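Structure assessment
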Amino acid sequence: MALQCGIVGLPNVGKSTLFNALTNGKALAANYPFATKDPNLGVITVPDPRLDKLAELVHPQRTVPTTVEILDIAGLIKGASQGEGLGNQFLANIREVDAIVHVVRCFDDDNVVHVDGSVNPVRDKEIIDLELGLKDLETVDKRLDKLVRAVRVGNKEDQRAAEVLAEVKKHLEQGRPARELLVSLEDDAKAILKELSLLTAKPVLYVCNVDEGAIEKGNAHTELFRKSVAAENAEVIMICAGIEAQIADMDTLEERNEFLEMMGLAEPGVNKLIRTAYKLLNLITYFTAGEKEVRAWTVRRGAKAPEAAGVIHSDFEKGFIRAEVIRYNDFTTLGSEAKVKEAGKMAVEGKEYVVTDGDIMHFRFNV
């Protein structure tokens, strides 16, 4: 499954620096607005120690982690919904992503200019929320105009869609994101909303870009920001993009580990970001393990065995017969597939089996 996260925020908050740290890319990270004009796309591997452990036990010819696509999108300013700055381009790019990684600046540095003259992450977030909400209102209004004409003819499906969008419009006019409304909507209403690809309906991970001293406990800026988003039940993490950039530039794992130890960090912040993005999108990982390849695969939580098989190839899902499933802990405890079978720990599951995070699976199919 190709998961894509878009990094957004005002100009000069650290988006491109974070993007480079995540992807080892070379996006321009400059001290002026709109240094990023065209979106930069990078692919990052998802760190998972379980994959390393399986490879250690199986000794495959190759090990393949699962990946996430990261899109570094141009900075947004006030008036973007009306095309100010690079607004229209920004909004078109963000519409295509699965989730938003919203970077807010939570550090003071006179040498790094702020597009609005001062550091205020709460205000910065509200600027982007407003612009995304205004664009969504425009999208909803256009769709409602068409539906009203169709409803006059007596189309019941269009009448239902009009009712749902009227509720969404009221919600947006109150300055609230559409994702807050998604929780309480019925399935058919969610489907109607999904067709519009509303910007404020996308799940959001807030990244507070802090200085070195605030990574663990935060600072006055992060404290105010957390309070401002408390009602959203949003994911908020703290990362120092400058430190992440230094880690990304190091050539060896030994150098990175020594640097992390010196900084008092258990792991790079980007690892935490990726895991949190997975949690945000309700994703889990299952594995396939054999002599040729040990590989991680991504599925949505609650996926059944045929759907998981389809992630590998559509033919696996179409011709699904059964899945042979080993629990990760059983495999690592006993040490091999053969010993798991001897112990009677391998289960044979049918079409209704719900995949569990960490499952090691082998699919039988016939096309």
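Residues numbered from 1 in each chain as written. Predicted model: local features only at pLDDT ≥ 70, side-chain atom pairs only at ≥ 80, totals over all residues. Heavy atoms only, no water.

Observations concerning the packing of helix H1 (residues 15–23) against helix H11 (residues 269–280)
- Put simply, H1 and H11 touch, their axes get as near as 10 Å, and they point 90° apart. Relative to H11, the element H1 lies roughly perpendicular. Touching Leu18, Ala21 and Leu22 of H1 are Val270, Leu273 and Ile274, all from H11.
- When its residues are assigned to classes, the contact of H1 with H11 shows six nonpolar, no polar and no charged. (Axes fitted to C-alpha atoms, helices over the stretch in contact; angles between N-to-C directions. Helix = DSSP H or I, 4+ residues; strand = E, 2+ residues; numbered from the N terminus. Parallel < 35°, antiparallel > 145°, perpendicular 65-115°, else oblique. Contact = heavy atoms within 4.5 Å. Nonpolar A, V, L, I, M, F, W, Y, C, P; charged D, E, K, R; others polar.)

Some points on the confidence of the model for the chain
- Here the chain averages 85 in pLDDT, while 87% of its residues score no lower than 70.
- Contacts of residues 25–37 to residues separated by more than four positions or lying in other chains number 37 contacts, the stretch itself having pLDDT below 50. (pLDDT = per-residue confidence, 0-100.)

Observations regarding the nonpolar core
- With 57 residues, the main nonpolar core has Leu22, Val207 and Leu273 as its most contacted residues.
- Setting aside residues up to four positions removed in sequence, Leu273 forms contacts with Leu18, Leu22, Val101, Leu205, Val207, Ile237 and Ile239.
- Formed by 19 residues, the second largest nonpolar core is a distinct cluster that contains Val140, Leu172, Ala189 and Ala201. (Core = buried A, V, L, I, M, F, W, Y, C linked by side-chain atoms within 4.5 Å. Buried < 20%, exposed > 50% of the residue type's maximum accessible area, 1.4 Å probe, protein only.)

Examining unusual backbone geometry
- Even without being a glycine, His59 presents a positive backbone phi close to 55°.
- When you line up the elements, His59 lands in the loop between helix H2 (49–58) and strand S3 (62–64).
- In this structure His59 comes out as exposed when scored by relative accessible area, which is 64%.

Section: the pattern of salt bridges
- Counted under the stated rule, the structure contains 21 salt bridges.
- Between Glu293 and Arg295 there is a salt bridge, with its nearest N and O atoms 3.7 Å apart.
- Taking relative accessible area as the criterion, Arg295 reaches 25% and is therefore assigned partly exposed.
- In this structure, Glu352 engages Lys304 in a salt bridge whose closest nitrogen and oxygen atoms are separated by 2.5 Å. In this pair, Glu352 is assigned in the loop between strand S11 (347–349) and strand S12 (360–365) and Lys304 in the loop between strand S9 (293–300) and helix H12 (305–312), connecting sequence segments 48 residues apart.
- What you see here is one network of salt bridges that share partners, running through Arg160, Glu163, Glu186 and Asp188. (Salt bridge = Lys/Arg side-chain N within 4 Å of Asp/Glu carboxyl O.)

A short note on the packing of helix H9 (residues 241–249) against helix H10 (residues 253–263)
- Contact pair H9 / H10: the axes reach a minimum separation of 9 Å and the direction vectors enclose 155°. Between H9 and H10, the crossing angle belongs to the class labelled roughly antiparallel. Pair H9 / H10 crosses with right-handed handedness. Residues Ile243, Gln246, Ile247 and Ala248 of H9 pack against Arg256, Phe259, Leu260 and Met263 of H10.
- Among the residues forming the contact of H9 with H10, the class breakdown is six nonpolar, one polar and one charged. (Left-handed = near helix turned anticlockwise from the far one by under 90°.)

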